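Chain by chain, the residues:
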Amino acid sequence: MGKVGAGGGSSAGLSALFAGAGLLVFCAPGACGGGSCCPQLHPSSGPRWVPTPGGSLHQGPQSRAPATPPPLLGRPLFSVAPGDRALSLERVRDTGAPVAVAPRSGRRRRSGADREKADQGEGSSRSPRGVLRDGGQPQPETPERDPDKATRFRMEELKLTSTTFALTGDSAHNQAMVHWSGHNSSVILILTKLYDYNLGSITESSLWRSTDYGTTYEKLNDKVGLKTILSYLYVCPTNKRKIMLLTDPEIESSLLISSDEGATYQKYRLSFYIQSLLFHPKQEDWILAYSQDQKLYSSAEFGRRWQLIQEGVVPNRFYWSVMGSNKEPDLVHLEARTVDGHSQYLTCRMQNCTEANRNRPFPGYIDPDSLIVQDDYVFVQLTSGGRPHYYVSYRRNAFAQMKLPKYALPKDMHVISTDENQVFAAVQEWNQNDTYNLYISDTRGVYFTLALENVQSSRGPEGNVMIDLYEVAGIKGMFLANKKIDNQVKTFITYNKGRDWHLLQAPDTDLRGDPVHCLLPYCSLHLHLKVSENPYTSGIIASRETAPSIIVASGNIGSELSDSDISMFVSSDAGNTWRQIFEEEHSVLYLDQGGVLVAMKHTSLPIRHLWLSFDEGRSWSKYSFTSIPLFVDGVLGEPGEETLIMTVFGHFSHRSEWQLVKVDYKSIFDRRCAEEDYRPWQLHSQGEACIMGAKRIYKKRKSERKCMQGKYAGAMESEPCVCTEADFDCDYGYERHSNGQCLPAFWFNPSSLSKDCSLGQSYLNSTGYRKVVSNNCTDGVREQYTAKPQKCPGKAPRGLRIVTADGKLTAEQGHNVTLMVQLEEGDVQRTFIQVDFGDGIAVSYVNLSSMEDGIKHVYHNVGIFRVTVRVDNSLGSDSAVLYLHVTCPLEHVHLALPFVTTKNKEVNATAVLWPSQVGTLTYVWWYGNNTEPLITLEGSISFKFTSEGMNTITVQVSAGNAILQDTKTIAVYEEFRSLRLSFSPNLDDYNPDIPEWRRDISRVIKKSLVEATGVPSPHILVAVLPGLPTAAELFVLPYQDPTGENKRSAEDLEQISELLIHKLNQNSVHFELKPGIQVLVHAAHLTAAPLIDLTPTHSGSAMLMLLSVVFVGLAVFVIYKFKRKIPGINVYAQMQNEKEREMVSQVSPTESRPHISQTELRRPGQLIDEKVESQLLGSISIVAENQSTKEIPTYVNV
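Just so we're clear, the structure is a prediction, and the values are computed from it rather than from any experiment.

Before going further, it helps to spend a moment on unusual backbone geometry. The omega angle of the peptide bond from Leu520 to Pro521 is 0 degrees, so this bond is cis rather than trans. Position of Pro521 relative to the elements: it lies in the loop between strand S32 (502-503) and strand S33 (524-527). You will see that Arg396, though not glycine, has its phi angle at about 65 degrees, which is positive. By the element assignment, Arg396 lies in the loop between strand S22 (387-394) and strand S23 (400-401). Unusually for a residue other than glycine, Asn1067 sits at a positive phi of about 60 degrees. Mapped onto the elements, Asn1067 comes out in the loop between helix H5 (1050-1065) and strand S72 (1070-1074).

Structure representation (structure tokens):
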């Protein structure tokens, strides 16, 4: 896959129509009331862009997808004015995948008089309109001009060698498909059809064949059957002599196969209706066929015999194996739906795809329509907890979760490119609507770093997402992108795969040689990057592998990209400088490996002229290609190396036959080029010769020579450069600051990369930098910036977790449940593990490696089981608990609990549910060191803590067949102080309002408070509150050393509070959220009483408490004001219950749940005795997905 741009298509652009396209399809648009009336073909076996739910994983435009004919393009009907047609032209590449079409609206229309005048001059006369001068401000035209810099047009009419052939008898046909074998072949095939838009079917067809490069054609209807109606034409990408024709399935379902470039055919009946085909990339006789009833078939005999592979296959989600990544060339990758509607990723052999031989490389189900197999990578998507998660397999190894920056929180993702062992992805993040961020990965496709923010996107005519990104052909690492800045779209360029981006310098002069005063960064050149292979669509950009320095595009000069005042520009030095070549839209195409440029004007009138340039667009000569003006419908160029013959398709009037004009360019050349006709040209970026770590020098034909190049010469030489800092990008988790350094992001802990390391082994310790993939530099700073091998440190076990393999908290009685033991840190090779399943059975393991596939266990009884795991090594131990229900659905549960409370003070804990009404509920509470749960039928309990310290509370809620849980930690002290904090408004712009973000920001705030005040860390606890504007609660806590001595008194807490307030009022507390974003911390107010939640969810008793709070607060205020010590009074603060806005609905006072004291809590035996109307513990028979919302509290005490 070499070209990028979601919805952008091939970077070869329009030049493909003239060189190597091979297949052209066209149809009559506009008959259906706007836009193209082309019927939907076999749903495109190439990438499809349709509106999808948030978080979907999409295929880039170059993905290897089934090869069907592209959307049709063609002549206007008699009832449609030529200027109103909306054409969409595509070609089929060697992989068989069609290139995406990106028609644009808003193309500037001109009056009939203007068009006639332009046709007479063919784009030479007037200077461009709307040029901004003097740094972006419109200025009067200056009389000074440089004639040497003006684009020169030779108005003398020259004539090209051409012949015209009419497809007699097909005047009513409104669709056509054309194939040119090329590569020293003179054969051209044309299939024309009459598509009845009222009936929605094909009623007539004709097959034409030429053996003399299109000079004459023979009608082959008698060879395929006079009554046979053909619908599609297919060509084997690895052997162009093999042709396949598909009949109209409404009449008969058959294939006609030819092995001699369409000279003869054999007909084969089909037992199914083909919707799309996918040819093997290497084996010419191997084909996959997708039927209209979602079945996938395979053939090893070029369609002569078929065998069923799989039923229920998802459209466009089947792929051949990739050579090198798969050992079996006949392996097929596919996404199939199960009977219950789930999607799964399967692989099997094309001739042996039985149930026993199918493999499931990804465990469990995947999101529908998410499988992508592309080069060395396989991508799938899995949504859990309302968030999409993306997984990648590199070279068919085990899947790993793709790691974006922690708070990217993607809504949508498009895999754009997988070239050169690297993934280029466009990600729409949580706070974006019409823009995407570009990310680039490491070799394995796991760790992604930001390449460019806010790239413009749009919706195509069928709802497809189109990303304004374009990869320049022939120059590795060079991209153009349109970025949105302050509601203005500007074009940027990079030469090193997104490491650095720059605006485009506008031309020095316009078309007439008048100077253009356009100063960066206020004014620059902006280009339309939506690739279209339709010559009648604006927004064209083209480059070519065989002409790496030449880029042709439409755009404008000014402060931003515009859809009006579009001109044509060319760069002959790979984007460093640009020249204006036409002030109106033209299709500029490549001839003779880019040695000659061919331009055809966009016009609604018939034309007979085109323009040729031998000097990369500096001067143009006018040529006639037909004696009678022609409405041009499409152009097809000879495939191969030289590309010296093209066929122009059109018609003389709306009712005339197809006219095929063969144009031969050989006569315009004097001779073939010799060595002395070339000069060297060095690739550079604004004078910097080292690009992607190498200096490259190419051959260019001298502009004054009119010789024919023939075969592409390529680069003369390539020399590696010495590595500099510019050859390295920031590694995952690091961000580039204003001084150029890559430093860890606030959410990233660099030491976490060694967590999978064992004592005695080594791991690569990142320096914060990673070399740009495919960069060829050597020596220099490479050693300094390259990750260093480091011995794994010995670590005690930490972060132990035990979960089920499918992430559920339930298991089915009598069936295997797989438990996974996960350890964040610790020596996995020297760790002893004990697992107690809670049903009287326990097992032991000598290391974690022996448990990689999980621990399987069968529970024979129904109930709630306490599964415990303990790990030990020579440096310490850790333990974890899983409460497994051997048998409930609920979307969300949140445990509302104070962050801090006082000893012997009654605490209320409430389970807040979403949705709030889910029927009969059972609440299972775990707190403290209790080994048995407390079960209630109400969502609130109250209890006391008699000792200071940290306590964990877990609630599990059972509703129907779903069980969800949440866990919180509460700190207990005899006394403490509380202070509300606020922040500068810019923090709200980066607040996604999720628990993980609040937890990380709490840690950052605490660090800044400690640095600003010098207060010891154990005295400070910070909790960021949910909602906007962003606020936090600061707790001043007592602290005593491990010996129990030197405990702080109330006076000490008062002094610390005053110090904190003093520093906050002096604006001394601030932190850097990201490079250039400073956040200031303010003091809101000091609280001396519990912060009571005054929402309607509180009962009348809460109002009585509020009155007491007011009196207590008044007393504390007097104490604070007059600095008097009143014995016996403990000043404390209780945090408001954190209730997530996204999960709390309004509840009337009468619906609030009463609090239950500790004496009212019932054990399972009591529930049975009282015959409660709910399913009893030990008799529940449910299986539920684990949607636990377990959240670590949003305060930090480290």
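Further remarks concern the pairing of strand S6 (residues 188-196). Of all nine residues in S6, eight are buried; the element is thus mostly enclosed. Judged from the six bridges that link them, strand S5 (residues 175-180) and S6 form a sheet pairing that is antiparallel. Within S6, the residue paired with Gln175 across the bridge is Lys193. Looking at chain direction, S6 and strand S7 (residues 201-210) are connected through nine bridges and run antiparallel. Bridging from a neighbouring strand, Tyr195 pairs with Ile202 of S7. In this antiparallel pair of consecutive strands, S6 and S7, the connection spans four residues, and Gly200 shows a positive phi of 70 degrees.

In the structure shown here, the tally under the stated rule is 37 salt bridges. Via salt bridges that share partners, Arg499, Asp500, Glu725, Asp729 and Arg736 belong to a single interconnected network.

Turning our attention to the packing of helix H4 (residues 995-1013) against H5. Interaxial distance between H4 and H5 falls to 10 Å at its minimum, and their mutual angle equals 95 degrees. Classified by the angle between their axes, H4 and H5 sit roughly perpendicular to one another. The residues of H5 that touch H4, namely those facing Leu1009, Ala1012 and Thr1013, are Leu1059, Leu1060, Lys1063 and Leu1064. Taken together, the residues of the contact of H4 with H5 sort by class into five nonpolar, one polar and one charged.

So, about the state of the cysteines. Following the criterion strictly, the structure yields six disulfides and no others. Linked covalently through their sulfurs, Cys730 and Cys742 form a disulfide whose S-S length is 2.0 Å. Its S-S torsion of about -80 degrees marks the bond between Cys730 and Cys742 as left-handed, since a negative value means left-handed. Residue Cys730 is located in strand S48 (residues 728-730), and its partner Cys742 is located in strand S50 (residues 742-744); the two are separated by 12 residues in the primary sequence.

A sheet is described by the order of its strands in space; here five strands give the open sequence S62-S68-S67-S64-S65, paired in mixed fashion. Strands at the two margins of the open sheet, each flanked by one partner only, are strand S62 (900-902) and strand S65 (934-936). The sheet shows a mean angle of 30 degrees between the axes of neighbouring strands, taken without regard to direction. Here strand S67 (residues 949-959) pairs with strand S68 (residues 962-973) via 11 bridges, running antiparallel. In the strand pairing of S68, Ala959 is matched with Ala962.

Here we take up the environment of Arg305. Looking at where Arg305 falls in the secondary structure, it is placed in the loop between strand S15 (295-299) and strand S16 (307-311). Each C-alpha atom of the pair Arg305 and Arg269 lies 9.5 Å from the other, and the pair is 36 residues apart in sequence. Contacts of Arg305, omitting those with residues within four sequence positions, involve Ser298 and Ser299. Here Glu301 takes part through its side chain, which lies 2.6 Å from a polar atom of the side chain of Arg305.

Moving on, we come to the packing of aromatic side chains. Under the counting rule described, the total for this entry stands at 32 aromatic pairs. Taking 6.0 Å as the distance between ring centres and 65 degrees as the angle between the ring planes, the aromatic pair formed by Phe976 and Phe1035 counts as edge-to-face. Taken as a pair, Phe976 in the loop between S68 and strand S69 (977-983) and Phe1035 in strand S71 (residues 1031-1036) lie far apart in primary sequence, 59 residues in all. Each member of the pair, Phe976 as well as Phe1035, carries the same accessibility label: buried. Cluster of aromatic residues (ring-pair linked, three or more members): Tyr447, Tyr732, Tyr734, Trp747 and Phe748. Directly above the ring of Phe492 sits Lys483, whose terminal nitrogen or CZ lies 5.9 Å from the centroid. When the ring centre of Trp681 is taken as reference, the NZ or CZ atom of Lys700 above it lies at 4.8 Å.

Here we come to the sheet that holds strand S57 (residues 842-845). Taken together, four strands build an open sheet; the order of strands is S57-S56-S59-S60 and the sheet is antiparallel. Looking at the sheet topology across the chains shown, the edges are occupied by S57 and strand S60 (876-885). Taking the axes of each pair of neighbouring strands and ignoring which way they run, one obtains an average angle of 15 degrees across the sheet. Bridge count between strand S59 (residues 864-873) and S60: 10 bridges; the pairing is antiparallel. Opposite Val871, over in S60, you have Asp878 as the bridge partner.

Here we come to the nonpolar core. Counting 43 residues, the largest nonpolar core has Phe746, Leu981, Phe983, Ile1005, Leu1009, Leu1034 and Leu1073 as the members making the most contacts within it. Elements with a contribution of two residues or more to this core: S48, S69, H4, strand S70 (1020-1025), S71, H5, S72 and strand S73 (1077-1087). If we ignore the near neighbours within four places in the chain, the residues touching Leu981 are Ile1005, Ala1031, Ala1032, Leu1034, Leu1064, Val1081, His1082, Ala1083 and Ala1084.

A few words on the layout of surface pockets. There is about 1,400 Å³ of room inside the second largest pocket. For the second largest pocket, the lining is made up of 44 residues, of which Asn437, Leu450, Glu453, Glu735 and Lys1074 are closest to its centre. Among the elements that make up the lining of the second largest pocket, the one with the highest residue count is strand S27 (residues 448-459) (seven residues). A breakdown of the residues in the lining of the second largest pocket according to their chemical character gives 23 nonpolar, nine polar and 12 charged.

Looking at the protein chain, the pLDDT average stands at 76 and 73% of residues meet or exceed 70. Scored below 50 in pLDDT, residues 533-539 makes 44 contacts in the model with residues more than four places away or belonging to other chains. When the criterion is pLDDT under 50, residues 1118-1198 qualifies, and its contacts beyond four places in sequence or with other chains add up to 228 contacts.

Thresholds applied
Residues numbered from 1 in each chain as written. Predicted model: local features only at pLDDT ≥ 70, side-chain atom pairs only at ≥ 80, totals over all residues. Heavy atoms only, no water. Helix = DSSP H or I, 4+ residues; strand = E, 2+ residues; numbered from the N terminus. Buried < 20%, exposed > 50% of the residue type's maximum accessible area, 1.4 Å probe, protein only. Pairing = 2+ DSSP bridges. Salt bridge = Lys/Arg side-chain N within 4 Å of Asp/Glu carboxyl O. Axes fitted to C-alpha atoms, helices over the stretch in contact; angles between N-to-C directions. Parallel < 35°, antiparallel > 145°, perpendicular 65-115°, else oblique. Contact = heavy atoms within 4.5 Å. Nonpolar A, V, L, I, M, F, W, Y, C, P; charged D, E, K, R; others polar. Disulfide = S-S within 2.5 Å. Polar contact = N/O pair within 3.5 Å; in protein donor to acceptor, adjacent residues only side chain to side chain. Phe/Tyr/Trp six-rings, centres within 6.5 Å; stacked < 30°, edge-to-face > 60°. Lys NZ or Arg CZ within 6 Å of the ring centre and 35° of its normal. Core = buried A, V, L, I, M, F, W, Y, C linked by side-chain atoms within 4.5 Å. 1 Å grid on protein atoms, 1.4 Å probe; cavity = no way out; pocket = protein on both sides within 12 Å on 5 of 7 lines; lining within 4 Å. Points joined across faces, edges and corners; volume = space filled by probe spheres on them. pLDDT = per-residue confidence, 0-100.

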